[in-house]
Amino acid sequence: MRFVHLSDLHIGKRVNEFSMLEDQRYIFAQIIEIIRNNDIDAVLIAGDVYDRSVPGEEAVRLFEEFIIGLTNLGKKIFVISGNHDSAQRLSFAHELISKSGVYISPAYDGSSLPVTLTDEYGEVNIYMLPFIKPSSVKSCFADAQIESFDDAVRFAINRMNVDESKRNIILAHQFVTGSQTSDSEERSIGGLDNVDADAFDAFDYVALGHIHKPQRLLRDTLRYSGTPLKYSFSEENNKNSVVVVDFKEKGSIDINLIPLKPIRDMRTVKGKYEEITLKSSYDGSNRDDYIRVVLTDEDDVMDAMARLRAVYPNIMKLEYDNKRSSAGRDFSLGERVEDKTEIELFTELYEQQNGMSMNEKQQEFVERIVSRLKGDMQ
């Protein structure tokens, strides 16, 4: 049996106020073609289908298009909710929809029955565990001793009574200890949402969602598929892909990654303004990519964002990396501020913000301003 593992679609997401719907529609069409051309039996979507618990109309319509595209290929589809989703909204009419081969996990209610598929090697049990918190489990089992996310997941899995002699898959949307995170993910302070990897030992393959960077944990079969698109500049070096899982007899699993190519990539361009706006600097690149520009000019470039859009129409961020910005990161006026004159304080402030001393004309200008202000106050 051959599965595709996806997660964290975040349909409807906006990145730096740019809507990603067009990019998502493009990448979903690409995923459907990969599924069409690789003899896939089922698709696993491990949470964060939407970017908001109350998705917009366009987001709902796009997910509907994607699901219909998959069912038109005759594929079984398994979906769980993530921390960005409303489990109740996502699983609306799930019992009726399951008759079409689309299985959407309801909000956690303590139930644990798997969906069982069959191939030439026998049965494959697919368990679906939506994103849960300790309170999710306590609401179903008031007497359960649940103090942490790890406790909650272990309790929920123990309730499944997994027969480890059979082939078992689980979809889960949790933060597993040791995962490499990105800026676009929601995390609890101090790692309180950690779940240890051995909580999933009963399963032959663990289809994880929540972390945006594709990665394996401890074993190849305990894996985050990552997002199909990049959603922050901390992810610009991620290699987004579709995870294809070949599940043969018990203990025999092959995993292949099929790269995804977005309509617009997310990348950083760094250098002086005059350098990065030269035609030779951007020839051969996709100027429609989502761009973060880091200027190394010491002086601010007048109306830089608008001028840079002539070269990079989808510029998302503009930052400076120079002596001033470096000095500003470690700003301090030192001790005994009350013992310093106004001129000394301003001079020290200028030096720490700009990484250089004022010239003679600037010094004279500051002295005149301070003198005038002090005169007005008398």
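You'll find the structure just up there.
Calculation notes
Residues numbered from 1 in each chain as written. Predicted model: local features only at pLDDT ≥ 70, side-chain atom pairs only at ≥ 80, totals over all residues. Heavy atoms only, no water. Buried < 20%, exposed > 50% of the residue type's maximum accessible area, 1.4 Å probe, protein only. Helix = DSSP H or I, 4+ residues; strand = E, 2+ residues; numbered from the N terminus. Arc of directions from axis to C-beta. Contact = heavy atoms within 4.5 Å. Salt bridge = Lys/Arg side-chain N within 4 Å of Asp/Glu carboxyl O. Phe/Tyr/Trp six-rings, centres within 6.5 Å; stacked < 30°, edge-to-face > 60°. Lys NZ or Arg CZ within 6 Å of the ring centre and 35° of its normal. Axes fitted to C-alpha atoms, helices over the stretch in contact; angles between N-to-C directions. Parallel < 35°, antiparallel > 145°, perpendicular 65-115°, else oblique. Nonpolar A, V, L, I, M, F, W, Y, C, P; charged D, E, K, R; others polar.

Novice: Even after reading the chapter, I still don't get helix α6 (residues 149-158), so can you show me in this structure?
Specialist: Along an α-helix, residues three or four positions apart point the same way, because every turn accommodates 3.6 residues. Taken together, the buried positions of α6 are F149, D150, A152, V153, A156 and I157. Seen along its axis, α6 keeps its buried residues to an arc of 165°; they face one direction. On its buried face, α6 sits against β8 (122-129), α5 (134-138), β9 (167-173) and β11 (194-195).

Novice: Please clarify how the pattern of salt bridges should be interpreted in this entry.
Specialist: Two side chains of opposite charge can pair, provided their charged atoms sit close to one another. As enumerated under the stated definition, the model contains 20 salt bridges in all. Salt-bridge contacts for K230 lead to D265; the nearest nitrogen and oxygen are separated by 2.9 Å. You can see K230 sitting in the loop between β14 (219-224) and β15 (241-247) and its partner D265 sitting in the loop between β16 (253-259) and β17 (266-271), a full 35 residues away along the chain. Of the residues examined, K230 reaches a relative accessible area of 13% and is grouped as buried. Accessibility expressed as a relative area gives 27% for D265, which makes it partly exposed. Ionic pairing is found between R267 and D289, a salt bridge with its closest N-O pair at 2.7 Å. Highlighted residues: R267 in strand β17 and D289 in the loop between α8 (279-282) and β18 (290-295), separated in sequence by 22 residues. Across the pair, exposure class does not vary: R267 and D289 are buried alike. Here the salt bridges do not stand alone but share partners, grouping E22, D23 and R264 into one network.

Novice: Can you walk me through the environment of Y127 in this structure?
Specialist: You can see Y127 is positioned in strand β8. If sequence neighbours within four positions are ignored, Y127 has contacts with S112, P114, M160, V162, N168, I169, I170, L171 and F203.

Novice: For this particular structure, what's the right way to read the packing of aromatic side chains?
Specialist: Ring pairs (aromatic) are described by centroid distance and by the angle formed between their planes. Inspection of the entire model under this criterion finds eight aromatic pairs. Relative to Y290, the ring of F18 lies with its centre 5.7 Å away and its plane at 75°, an arrangement referred to as edge-to-face. Of this pair, F18 sits in strand β3 (residues 18-19) while Y290 sits in strand β18; the two residues are 272 residues apart in sequence, bridging distant segments of the chain. Taking relative accessible area as the criterion, Y290 reaches 3% and is therefore assigned buried. Aromatic side chains Y50 and F63 sit 5.7 Å apart centroid to centroid with 75° between the ring planes, which places their arrangement in the edge-to-face category. Of the two residues, Y50 sits in the loop between β4 (42-46) and α2 (57-71) while F63 sits in helix α2, which places them 13 residues apart along the sequence. A cation over a ring is seen here: K13 above Y231, with NZ or CZ 5.8 Å from the ring centre.

Novice: Can you help me understand the packing of helix α1 (residues 21-37) against α2 in this one?
Specialist: Helix-helix packing is described using two parameters, namely the angle between the two axes and the distance between the axes. Packing of α1 against α2 leaves a shortest axis separation of 10 Å and a crossing angle of 10°. Relative to α2, the element α1 is oriented roughly parallel. Contacts between α1 and α2 involve L21, Q24, R25, F28, I31, I32 and I35 on the former and, on the latter, E58, A59, L62, E65, F66, G69 and L70. Along the lines of polarity and charge, the residues of the contact of α1 with α2 split into nine nonpolar, two polar and three charged.

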